Amino acid sequence: MARLLMAALVALAMTGCASNVVTDYNSAVVFGDYSSWAFAPGAGNSSFVSLDGNRVQNAVERELNRKALRKVPEPEADILVNWQIVEEDRLEHSGVGLGFGYGIGNFGWGLSAPPPVREVKEGKLVVELVDKSTEEVVWRAASRRYLNENQSPETRSKLIDEVVADMFTKYPPDPD
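Residues numbered from 1 in each chain as written. Predicted model: local features only at pLDDT ≥ 70, side-chain atom pairs only at ≥ 80, totals over all residues. Heavy atoms only, no water.

Side note on the pattern of salt bridges
Under the convention used in this document: Whenever a carboxyl oxygen of Asp or Glu lies within 4 Å of a side-chain nitrogen of Lys or Arg, that contact is scored as a salt bridge. Only protein chains enter the accessibility calculation, which uses a 1.4 Å probe. A residue is then buried if its area is under 20% of the maximum for its type, exposed if over 50%, and partly exposed in between. The way it works is that DSSP assigns letters per residue, a run of H or I at least four long becomes a helix, a run of E at least two long becomes a strand, and they are numbered from the N terminus.
Enumeration over the complete set of coordinates arrives at nine salt bridges. Across the salt bridge formed by E63 and R62, the nearest N and O atoms sit 3.4 Å from each other. Among the residues examined, E63 registers a relative accessible area of 5% and is labelled buried. In this structure R62 comes out as partly exposed when scored by relative accessible area, which is 27%. Put simply, R62 and D161 hold a salt bridge, and the shortest N to O gap is 3.6 Å. On the criterion of sequence distance, the pair formed by R62 in helix α2 (residues 51-66) and D161 in helix α3 (residues 153-168) is long-range, its members being 99 residues apart.

Overview of the pairing of strand β6 (residues 107-113)
Heads up, the rule is: Whether two strands pair depends on DSSP finding at least two bridges between them.
In terms of residue burial, β6 counts as a barely covered element, since only zero of its seven residues are buried. With seven bridges connecting them, strand β5 (residues 98-104) and β6 associate as antiparallel partners. The residue of β6 that forms the bridge with F100 is L111. Here β5 hands over to β6 after two residues, with G105 in that stretch at a positive phi of 60°.

Here we look at the confidence of the model for the chain
To keep it simple, the criterion reads: Along the chain, pLDDT gives the predictor's confidence residue by residue, from 0 to 100. Contacts between residues were defined by any pair of non-hydrogen atoms, one from each residue, lying within 4.5 Å.
Confidence in the prediction for the chain averages 81 pLDDT; 84% of positions are at 70 or higher. Taken together, the stretch residues 4-17 has pLDDT below 50 and engages in zero contacts with residues farther than four places along the chain or on a different chain.

Some words on the packing of aromatic side chains
In plain terms, the rule: Centres within 6.5 Å are what make two rings of Phe, Tyr or Trp a pair, Trp counting through its six-membered ring; a difference in plane orientation under 30 degrees is then read as stacked, over 60 as edge-to-face, and the rest as tilted.
Using the criterion set out here, one finds seven aromatic pairs in the structure. With a centroid separation of 5.5 Å and 75° between ring planes, the pair formed by W139 and Y171 is classed as edge-to-face. Placement of W139 in strand β8 (residues 136-148) and of Y171 in the segment after α3 is noted, with a sequence separation of 32 residues between them. By the burial criterion, W139 is buried, and Y171 matches it. Ring pairs connect the aromatic residues Y25, F31, Y34, W139, F168 and Y171, which therefore count as one cluster.

Here's what the structure looks like:
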């Protein structure tokens, strides 16, 4: 019993340590040189800023303010923030499969139907910081958690806030 409890605690601890975001960065960049930022002209890849787009922009602005970076007009910025919600399709099983069979002795037959499947559109948030002078991405974060069409506005807002906060705990990157 004690071994089972210990194994469960270790598994829980390891799950808690798993990050919900993946980051990458240019190790040659001195991130301390950046003091100002602005959203890139094409951030969000849409002619209109969506509801989720507003949520993302508010969360990014809050996190960069916490990092003591000033938001300035785009021509004056050291770094540009580009973000996008990358849509992905996923198949989701719902319900249970159905099956029946009959057999006598060593002989039998059966039929079964798999559970119903439906396609769900999900969005993965990606945030990139671009050095304005070189026009190169210097830092990138991608979420492992997804937005989907079934989430309420409150759930979507909370998820975006959590994901963006998690992303910026890794900015500036630790060179180790």
